[in-house]
Amino acid sequence: MTSVLPLLFLLSLLACSKAPIEVPALAEPALPETPAAEYGQYALALLQSGENPLWFELGENGPALIPSPEEAFPSPFIPWPLSLRVAGILAQDDRIILGINQEGFLAFIPWTGTEDAGIALYRIDNSVYWKSYSVESLFFFDDIPAAMIYRNDYFIDNKLPPPSPRVWGLKPGAGIRELDIPAFADLPPEDGWDLEELQEGPDEQWYYRAIKKGGTIQGLGYFRTANLSLAGEPSSPGALQNAFQPRTPEQAPAPLQQVLEASLGNGAFPGIAGVVSPEFPSLRYYATPAAMKNIQENVLIYPGYYHSGNSDSTEAIALLINPAGQGFIGVTTGDTVRIREFALPPLPQDFVYTGAALITLTFPDEAPSRAVLGTWEEQDGWNVGAAGFVLAGTNVLY
C-alpha cells in the first residue's frame, strides 16, 4: 500500500450540555515518526511494497497512483525529447534518483522508523527551468547527482536560447542547484553554445559535443576530458562515437559479468545492456562481441542494475531485464553465486520498461527487504504517451 504522510492530527472532544462532568487530563498525543526532509523537501509518501505492485503515472502535478498502466490517463503521443518521461536513473548509496524530462527529479530513499518502514518518495520540481528543454544525460559530479539539459530542436525549431544554467545538481539539505562544470567553461551558453551529447567512454574519459547556432559565427565542436573538473580539450566525431561503444561483459564487476553472460550470452537478449550502479558515474553499456556484430540501427537497450553491497555485507546483487520485464537476477554471497530468472509485472501492448533498480531496506538482526523499481512508458516509434514507474515487492525477485 501507499500512505501519504500525515501532517496534522486533530483531537475532538464532545461535551455534554447538562451538568459539567470532570474530564481526566489526557496526555499530549505524540506525532508519528516520519521521514526527514531531504533535498529541501518533505516526502510525498511512504511507499510499502507488498504482494501487489504499486503503479505510478507521471503527471503535471507529480506521480499519481493508478491501478495499472492500462488505466493511465490517455496522453497524446509526443516526441521523446519533449515528453514527460523518466529520462534516466542514478544510484547513490542506498537511494535511487530518477531524472524526469521537463520537470526535475524523483528520489527514493529507504526509511526504517521505530514502528514503520518503507521507501520515502521525494519530488524535486524544477519545471520552471526545464519545461522548454530536454534532459540529455544524468551523471555524478563531485558525488552530486546531476542532470544536463539542452535545447532539442530536431523535432521542433523552438527558437529558444541554449539553457542557462545547463547543469543542475541535487544536494542533500540544499535541494536543486545549478552546477558550474569546469570542462564546459569555454562553451558558455551566453555565447550561443549548447551541449547536445555527454558520454563517459569505456576508457573512463568524458566526451561531449557542443553546437553554436546563434550569432554571426556558428560552429560545432567535439571535446573530451579525463575529469569534468578539468578543462576540456579538442576531440573528434569518431571519438564521441566510440564513447558510446559498449564494454564487454569481461569488463564488468564479477557478479554483474555473470548475469550479463547468463542473459546477453544465451541469445535471449540480442541487444545492449544499460546498467546503473552506485559505483558508476553514469549509465554504462555492455554487450557481447557476437551481439555487436549483429546490432542494427534500431538496437534495443536492456535495463540493468548492479550493487556490490556495503561494509556491513559481503552480498553483491545484479539484475538485467528486457523491455518486456523478463530477465535474470544474480546474488553473490562470498564465493557463492545464485542466478535466477525473474519477471517484473507485465505491461500492456506498446508499453516497455526503460529502466530498473533495486532498493534495499536493512533492519538490525533481520534479513534485508528488497523492492525493484521499474520505469515504463508507452511508445509509438519516436513518440511517448503515458509514462511512469512501478514498485514491486521481493516476491518478483525470488
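Residues numbered from 1 in each chain as written. Predicted model: local features only at pLDDT ≥ 70, side-chain atom pairs only at ≥ 80, totals over all residues. Heavy atoms only, no water.

**Quick word on the overall build of the protein chain**
Phase 1: Looking only at helices and strands, the protein chain features 4 helices and 26 strands.
Phase 2: Counting every position in the protein chain, which comprises 398 residues, the buried fraction comes to 49%.
Phase 3: If you take every contact in the protein chain between residues at least 6 apart in sequence, the share linking residues at least 24 apart comes to 55%.
Phase 4: A total accessible area of about 20,100 Å² is found for the protein chain, and carbon and sulfur atoms account for 52% of it. (Helix = DSSP H or I, 4+ residues; strand = E, 2+ residues; numbered from the N terminus. Buried < 20%, exposed > 50% of the residue type's maximum accessible area, 1.4 Å probe, protein only. Contact = heavy atoms within 4.5 Å. Areas by Shrake-Rupley, 256 points an atom, 1.4 Å probe, with all protein chains shown as cover.)

**Some words on the pattern of salt bridges**
Phase 1: Counting across every chain of the model gives 10 salt bridges.
Phase 2: Residues Arg95 and Glu38 are paired through a salt bridge, measuring 3.4 Å at the closest nitrogen-oxygen approach. You can see Arg95 sitting in strand β7 (residues 95-100) and its partner Glu38 sitting in the loop between β1 (2-4) and β2 (45-47), a full 57 residues away along the chain.
Phase 3: Of the charged contacts, one joins Glu103 and Arg123 as a salt bridge, the two residues approaching to 3.3 Å between their closest N and O atoms. Of this pair, Glu103 sits in the loop between β7 and β8 (104-112) while Arg123 sits in strand β9 (residues 117-125), placing them 20 residues apart in sequence. Like Arg123, Glu103 is buried.
Phase 4: Beyond isolated ion pairs, a larger network of salt bridges with shared partners links Glu103, Arg123 and Asp125. (Salt bridge = Lys/Arg side-chain N within 4 Å of Asp/Glu carboxyl O.)

**Some remarks on a nonpolar patch on the surface**
Phase 1: On the surface, Trp80, Tyr154, Phe155, Ile156 and Trp382 cluster together into a nonpolar patch covering about 590 Å² of accessible area.
Phase 2: One can find Phe155 in the loop between β11 (144-150) and β12 (167-171).
Phase 3: According to the relative accessible area criterion, Phe155 is partly exposed, its value standing at 32%. (Patch = residues over 30% accessible without salt bridge, like charges linked within 9 Å, V, L, I, M, F, W, Y side chains within 5 Å.)

**With respect to the side chain of Thr375**
Phase 1: If you trace the backbone, Thr375 turns up in strand β25 (residues 366-380).
Phase 2: Residue classification places Thr375 among the buried residues on the basis of a relative accessible area of 1%.
Phase 3: Excluding residues within four positions of it along the chain, Thr375 makes contact with Val86, Ile89, Leu98, Val352, Tyr353, Thr354, Gly355, Gly388 and Phe389.

**Focus on the sheet that holds strand β10 (residues 134-141)**
Phase 1: Sheet architecture is open: 4 strands sit in the order β10-β11-β12-β13, paired in antiparallel fashion. If you trace the sheet from one side to the other, it starts and ends with β10 and β13 (175-178), each paired once. Averaged over all pairs of adjacent strands, the angle between strand axes in this sheet comes to 30°, irrespective of strand direction.
Phase 2: Here β10 runs beside β11; their pairing, made up of 7 bridges, is antiparallel. For Ser134, the partnering residue across the bridge sits in β11 and is Tyr150. (Pairing = 2+ DSSP bridges. Axes fitted to C-alpha atoms, helices over the stretch in contact; angles between N-to-C directions.)

**Here's the deal with a negative patch on the surface**
Phase 1: Taken together, the side chains of Asp93, Asp94, Asp142 and Asp143 present a region of like negative charge at the surface.
Phase 2: Considering the arrangement of structural elements, one finds Asp143 in the loop between β10 and β11.
Phase 3: Given the relative accessible area of 65%, Asp143 is considered exposed. (Lys, Arg positive; Asp, Glu negative; His and termini not counted. Charge placed at Lys NZ, Arg CZ, Asp CG, Glu CD.)

**What about the sheet that holds strand β20 (residues 301-307)?**
Phase 1: Spatially, 6 strands are ordered β19-β18-β20-β21-β22-β23 in an open sheet, and the strand pairing comes out mixed. Pairing within the sheet leaves two strands with one partner each, and these edge strands are β19 (284-286) and β23 (336-343). Averaged over all neighbouring strand pairs, the angle between strand axes comes to 20°, with direction disregarded.
Phase 2: Pairing geometry for strand β22 (residues 326-333) and β23, over 8 bridges, is antiparallel. By the bridge assignment for β23, Gln326 is matched with Ala343.
Phase 3: Where helix α3 (residues 254-263) meets the sheet, its contacts fall on β18 (272-276), β19, β20, β21 (315-321), β22 and β23, and the angle it forms with β21 comes to roughly 25°.

**Structural notes on α3**
Phase 1: Among the residues of α3, Pro255, Leu256, Val259, Leu260 and Ser263 are the ones counted as buried. Angular distribution of buried residues about the axis of α3 spans 135°; they occupy a single face of the element. (Arc of directions from axis to C-beta.)

**A few points about the nonpolar core**
General note: in soluble globular proteins, nonpolar side chains tend to be found buried as a group.
Phase 1: One finds Leu47, Ile96, Leu98, Phe108, Leu319, Trp376 and Phe389 to be the most contacted residues of the largest nonpolar core, which totals 46 residues.
Phase 2: Ranked by residue count, the leading element in this core is strand β24 (residues 351-363), at 7 residues.
Phase 3: Among all residues touching Leu319, those that are not within four sequence positions of it are Val259, Pro303, Gly304, Tyr305, Phe328, Ile329, Phe342, Ala356, Leu358 and Val372.
Phase 4: Formed by 22 residues, the second largest nonpolar core is a distinct cluster that contains Ala120, Tyr122, Trp130 and Val135. (Core = buried A, V, L, I, M, F, W, Y, C linked by side-chain atoms within 4.5 Å.)

**Side note on the confidence of the model for the protein chain**
Phase 1: When pLDDT is averaged along the protein chain, the result is 85, and 85% of the positions lie at 70 or above.
Phase 2: Long-range and interchain partners of residues 1-24, a stretch whose pLDDT sits below 50, account for 24 contacts in this model, where long-range means more than four residues apart. (pLDDT = per-residue confidence, 0-100.)

**Some details on unusual backbone geometry**
Phase 1: Ser164 connects to Pro165 through a cis peptide bond whose omega is 5°.
Phase 2: Here Pro165 is to be found in the loop between β11 and β12.
Phase 3: You will see that Asp350, though not glycine, has its phi angle at about 75°, which is positive.
Phase 4: Among the structural elements, Asp350 can be located in the loop between β23 and β24.
Phase 5: A relative accessible area of 48% means that Asp350 is categorised as partly exposed.

**Focus: the pairing of β9**
Phase 1: The buried count for β9 comes to 8 of 9 residues, which makes it a mostly enclosed element.
Phase 2: Pairing geometry for β2 and β9, over 3 bridges, is antiparallel. Residue Leu47 lies in a different strand from β9, and its bridge partner there is Ile119.

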